[in-house]
Amino acid sequence: MLWSLIGQRVFWGCVTLFVVSVLIFLGTEILPGDVAQSILGQEATPEAVAALRHDLGLDVPPLQRYLDWVGGLLRGDLGLSLASRKPVAELVGARLGNTFFLAGTAALVAIPLSLALGLLAALHQDRMLDRGLSVSSLIAISAPEFLIGYILVYLLSVHAGIFPALSRLTQRMDLLEQLRTIALPCLTLTAVVAAHTLRMTRASIIPVLAQPYIETALLKGVSRARIVVVHAFPNALAPIISVVMLTLAYLVVGVVVVEVVFSYPGMGKLMVDGVAKRDIPLVQACGLLFASVYILLNLLADVLAVLANPRLRHPK
Amino acid sequence: MNRRLTLAARMGLAIILLNIFAALAGPAVAPYGETDIVADVWQSPSAEHWLGTDNLGRDMLSRLLYGAQNTVLLALLITAISFLVGTMLGLTAAVVGGWVDQALGRGIDVVMAFPTLILSLVVLTITGSSIPALVAVVALLDSTRVFRLSRAVARDIAVMDYVEAARLRGERIWWVMRHEVLPNALPPLVAEFGLRFCFASLFISSLSFLGLGLQPPQADWGGMVRDNANAISFGLLVPLFPALALALLTVGVNLVVDWLMKRSQPR
């Protein structure tokens, strides 16, 4: 029962990935207009358009092009970038690590912080601390990422001069220097993500705390700390695991805007620059990478939730 | 049940009305034109220019008012389309049930796992910066969340006796949906409309901030932040004004939504 349920989730995850890859790669077919003509403009010579169509593989039937592309992908060959004429795999490879470094550091700070704050808020429900956290997290959610980013730049870089305003990470820096360089984008991501996670954690613990068995424990004279850790936490575990996974998934996508704010040399910046130059092969590769990580984390959230909560194993 | 507006809800409502006013009457009340160069670059706020001037010497307040039109109306359009598609499919799935419900549910699950921003970036690369394409992609991806909610709400209603009675009377399925199910599903849908609107306005502003949404010289809040971003390193606050306007709008909508949700909860 358990394994078939997990198998089912994995199957649908693969279906999603397949549909996304088809949409990303055949978008040039589905969307109206001739891509090559629109990139080069109306004045382009027919020869130039034909050459670009060839570069993009538009002269090959869609099915074969898709299969060629998937085949190349499996061999690590992502094609050539239109703008720089370099292999896409090389460009992406240079940036991928930086993005994981930034998103990973932000996750390490944000997840423990927001779980602890969410728990605190739930325990102090409707009192000052909870109200304060609820208002500040609402503001952090309502603000666009670039507002938080620029406020931090204004306070911590322009005025206090503690951190650099632009995160020009290089490989020659030692770890400490690297951490100082990514401090502001990391803080920005933390603020955005922690606000979401805190609210979700609070919302998933409060119904557990309202259960009769918690009241029984309280009346028995069990200490508050023990009630939270031993009685409430295991039952709130399933939603919390999915909260953490969804946070990670959110980070992967949220990183795009933040990288642009701080000119951080990551995948997000690479992709946005590619969109502006209409570098289709590059954007397709970045898009598929981002989407795969996102879908994988969502899938993991589903599977872990099933494992952590036996009740989900027997859907009615 | 407390039907009176709380202080927070009043504030939220005032912010929303202010934004609607700016979106509708902005061009009429703006002191200067959208693209008029009226003073030096990055002037501090003064009597003539209440919010100072931007990177080309255009009046910031005027552009903020013009920008409200683009940002708010575009977000409303996206939300309206996503609701039209989402509730139609959601109510259909709930009322018809059976394999239609199954098929729709599966399909929507797959689409919901798409990261909206990433897919929009891919579409924009292929179509070039195109507002209709942008609106269509965001609205369709967003409609999946509306579908989930409206289906869940409508399923609870579809098993009620009065719906059964309407069916037994021989009413058509469309009539049942319009007259029995939809009115009762409305409160949670209105709250969701607010949240989806917030998402849409933040989303299109983010795209404009990335330089991929509305194209200059049209004013929109995300693009205004991008144009003036460099000012921040000179210690100027210009780029923060449009971003703050956006944050204020979403806070306002959230306050009203919170109140609506609390109100519709049976105690």
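What comes next concerns the included structure.

Cut-offs and rules
- Residues numbered from 1 in each chain as written.
- Chains lettered and ligands numbered in written order.
- Predicted model: local features only at pLDDT ≥ 70, side-chain atom pairs only at ≥ 80, totals over all residues.
- Helix = DSSP H or I, 4+ residues; strand = E, 2+ residues; numbered from the N terminus.
- Buried ≥ 20, exposed ≤ 12 C-beta atoms within 10 Å, placed from the backbone.
- Contact = placed C-beta atoms within 7 Å.
- Axes fitted to C-alpha atoms, helices over the stretch in contact; angles between N-to-C directions.
- Parallel < 35°, antiparallel > 145°, perpendicular 65-115°, else oblique.
- Left-handed = near helix turned anticlockwise from the far one by under 90°.
- Nonpolar A, V, L, I, M, F, W, Y, C, P; charged D, E, K, R; others polar.

## A look at the overall build of chain A
Part 1 of the argument: A tally of regular secondary structure across chain A gives 13 helices and zero strands.
Part 2 of the argument: N-terminal to C-terminal, the α/β element order of chain A is α-α-α-α-α-α-α-α-α-α-α-α-α.
Part 3 of the argument: Considering only C-alpha atoms, chain A reaches an extent of 85 × 60 × 35 Å along its principal axes.
Part 4 of the argument: Within chain A, buried positions represent 37% of all 316 residues.
Part 5 of the argument: Residue pairs at least 24 apart in sequence account for 71% of intrachain contacts in chain A once pairs closer than 6 positions are excluded.

## Here's the deal with the environment of R278 of chain A
Part 1 of the argument: Relative to the elements of secondary structure, R278 of chain A occurs in the loop between α12 (267-277) and α13 (280-308).
Part 2 of the argument: Exposure remark for R278 of chain A: the 20 C-beta atoms within 10 Å place this residue in the buried category.
Part 3 of the argument: Those residues in contact with R278 of chain A that lie beyond four places of it in its chain are I39 of chain A together with T125 and G128 of chain B.

## Thoughts on the packing of helix α1 (residues 7-29) of chain B against helix α2 (residues 60-96) of chain B
To characterise two packed helices, one gives the angle between the axes of the helices and the distance between these axes.
Residue and element names in this part refer to chain B.
Part 1 of the argument: Axis separation between α1 and α2 bottoms out at 7 Å; the angle between their running directions is 135°. By the criterion of interaxial angle, the relationship of α1 to α2 is oblique. Crossing of α1 over α2 shows left-handed handedness. Contacts from N19, A22, A23, G26, P27 and V29 of α1 reach α2 at L65, Y66, A68, Q69, V72 and L73.
Part 2 of the argument: For the contact of α1 with α2, the class distribution of residues is nine nonpolar, three polar and no charged.

## Brief notes about the environment of Q8 of chain A
All names here are of chain A.
Part 1 of the argument: Looking at the secondary structure, you find Q8 in helix α1 (residues 2-30).
Part 2 of the argument: The exposure class of Q8 is exposed, given the 12 C-beta atoms found within 10 Å.
Part 3 of the argument: Sequence spacing of Q8 and V303 is 295 residues, and the spatial spacing of their C-alpha atoms is 9.8 Å.

## So, the packing of α12 of chain A against α13 of chain A
Residues and elements named next belong to chain A.
Part 1 of the argument: Here α12 crosses α13 at 145°, and the two axes come no closer than 9 Å. For the pair α12 and α13, the crossing hand works out as left-handed. Between α12 and α13, the residues in contact are M267, L270, M271, G274 and V275 and L282, V283, C286 and L289, respectively.

## Focus on the interface of chain A and chain B
Part 1 of the argument: Across the boundary between the two partners, chain A contributes 43 residues, which contact 35 residues of chain B.
Part 2 of the argument: Only α1, α2 (35-40), α6 (128-142), α7 (145-159), α11 (224-261), α12 and α13 of chain A provide two or more residues apiece to the side of chain A that touches chain B.
Part 3 of the argument: Among the elements that take part in the side of chain A that touches chain B, α13 of chain A stands out by supplying nine residues, more than any other.

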